[in-house]
Amino acid sequence: CIPLANAQRILVINGTAHIGNGEVVETAAIGMADGKILFVKNSLTNAIQRKEWDTIIDAENKHVYPGLVAANSTLGLTEIDAVRASIDFREVGEFNPHVRSQIAFNAESKVLQTVKTNGVLLVQATPRGGIISGTSSVMKSGGWNWEDATLQKDDGIHVHWPAPLNGGGWWLDPAERKNQDHYLADVQKLRDFFQLAKGYSENKKRVFDQRLEAMLDCFSGNKRVYFHANDIQQISDVIAFSEAFGLPFPVIVGGEEAYLLGKRLADSKIPVMLNRLHRLPEREEDPTDLPYRLPSLLKEQGVLFCLQNTGDMEAMNARNIPFLAGTAMAYGLTELEALKSITLWPCQIMGIDHRFGSIEVGKSATLIVSKGSILDMKTHQITTIILDGKVESTLNFQEENYLKYQKKYLQKNK
């Protein structure tokens, strides 16, 4: 074998391959070359010519999974949340569809490196703030720079739907109050902007406008429109809004009460990127375990969904994405469905499932090998990372420092 960093033709053999599309291949042989998967088959029933491969990785008694996906994340856009200079996911202004997260992505982020070593290999780098915060891009957890890290540029714009309620919180009057007049005014402001953008897209003699130019692909279907919305009125109004403007690919991000409109979402073919599951319910009257059960509730109603980790300290906590899926499995999903919710389904929602999300012939060679199930923090231990056909180190700077000082103090004790 040649050094892993220079591997060209890679064979992962003898592991249990969790394909990501619902299939499991025991004692699998996975062949990869030129960054693509050439075959996935059982090594016991198919002859494998080992001399054809310059690098063979034995995964006996281990599990092989597609690379995990961090959807709707500030990973790569922030380094230290308490240091303003290291935060690059927010711009001033209300309507910023032309602001692109792709060029702000820090491929050398230390946080990104630690998350990658926990199996998260794809990131939807997403801007925040304002009504339309900007345009996200799908990036890989590595590369020389943002150009090298780009997998799908400008996959969609992010719209923060106005809130019909305000107030609440333990630090103030805990009761939420209706905000109907302001809500209707804010929705009308958003409607006016979309109407302006739609008219711009239909005008063949238009005068260039950078903000409106960024909206063009939303109406043609080449960009998703991600609506950040949680309660039932917001989601209902988003469905009607999307139908009124003929948006080909609307997506709900958050979806706290999406389970109450599951049939409408399924009929409208609008997927949901669910909020972080490890939290308390939003309302006092809700069952304590409601956030944990949301994935199974949507699955039962036929709604396409995926899991994401937005919230406090979301960049560094993106490493916990596999354990969100583990919680969803404990509360109703099957193991295969839980895996899909952090691999294939987010890729389907973002429109990159023809290249990523599962270990299938012709797709990118982007996968991980773990000593045990990645959905269980007790058995999740990554031993191999292959990202777009390149073998990556499983060490991060935290572990390197641990090993360094462990060696130092062991020597001192002697």
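Residues numbered from 1 in each chain as written. Predicted model: local features only at pLDDT ≥ 70, side-chain atom pairs only at ≥ 80, totals over all residues. Heavy atoms only, no water.

Across all of its chains, the model carries 12 salt bridges by this definition. Arg-293 serves as the salt-bridge partner of Asp-289, at 3.3 Å between the closest nitrogen and oxygen. For Arg-293, a relative accessible area of 25% translates into the label partly exposed. Here Lys-299 and Glu-337 are joined by a salt bridge, their closest N and O atoms 3.5 Å apart. Taken together, the residues span a long stretch of sequence, with Lys-299 in helix H8 (residues 290-300) and Glu-337 in helix H10 (residues 335-340) at a distance of 38 residues. Accessibility expressed as a relative area gives 18% for Glu-337, which makes it buried. (Salt bridge = Lys/Arg side-chain N within 4 Å of Asp/Glu carboxyl O. Buried < 20%, exposed > 50% of the residue type's maximum accessible area, 1.4 Å probe, protein only. Helix = DSSP H or I, 4+ residues; strand = E, 2+ residues; numbered from the N terminus.)

On to helix H6 (residues 232-245). The end-to-end C-alpha separation of H6 is 20 Å, in line with the 20 Å expected for 14 residues at 1.5 Å each. Looking only at H6, the buried set comprises Gln-234, Ile-235, Val-238, Ile-239, Phe-241, Ser-242 and Phe-245. Projection of H6 onto a plane perpendicular to its axis shows the buried side chains occupying an angular sector of 165 degrees, all on one side. Structural note: H6 exposes Glu-243 and Ala-244 on the side pointing more than 90 degrees away from its buried face. In this structure, the buried residues of H6 make contact with helix H3 (180-202), helix H5 (216-220), strand S12 (224-229), strand S13 (250-254) and helix H7 (262-268). Of the residues that open H6, the one with a side-chain oxygen 3.1 Å from the backbone nitrogen of Gln-233 is Asp-231. Positive phi shows up at Gly-246, right after H6, with a value of about 60 degrees. (Expected span 1.5 Å × (residues − 1). Arc of directions from axis to C-beta. Contact = heavy atoms within 4.5 Å. Polar contact = N/O pair within 3.5 Å; in protein donor to acceptor, adjacent residues only side chain to side chain.)

Moving on to the environment of Gln-102. With respect to the helices and strands, the residue Gln-102 is situated in the loop between strand S6 (68-73) and helix H1 (110-116). When the C-alpha positions of Gln-102 and Gln-195 are compared, they lie 27 Å apart, and in sequence the two are 93 residues distant. Excluding its chain neighbours within four sequence positions, the residues that come into contact with Gln-102 are Ser-137, Met-139, Trp-146, Thr-150 and Lys-153. Within polar-contact distance, the side chain of Gln-102 engages the side chain of Arg-100 at 2.4 Å.

By the criterion of burial, strand S17 (residues 382-387) is predominantly enclosed, with five of the six residues buried. Two elements, strand S16 (residues 367-370) and S17, share four bridges in a ladder whose sense is antiparallel. Paired with Leu-367 across the bridge in S17 is Ile-386. In terms of strand pairing, S17 meets strand S18 (residues 390-392) through three bridges, oriented antiparallel. Looking across to S18, one finds that Leu-387 is bridged to Lys-390. Hairpin connection of S17 to S18: two residues between the antiparallel strands, including Asp-388 at a positive phi of 55 degrees. (Pairing = 2+ DSSP bridges.)

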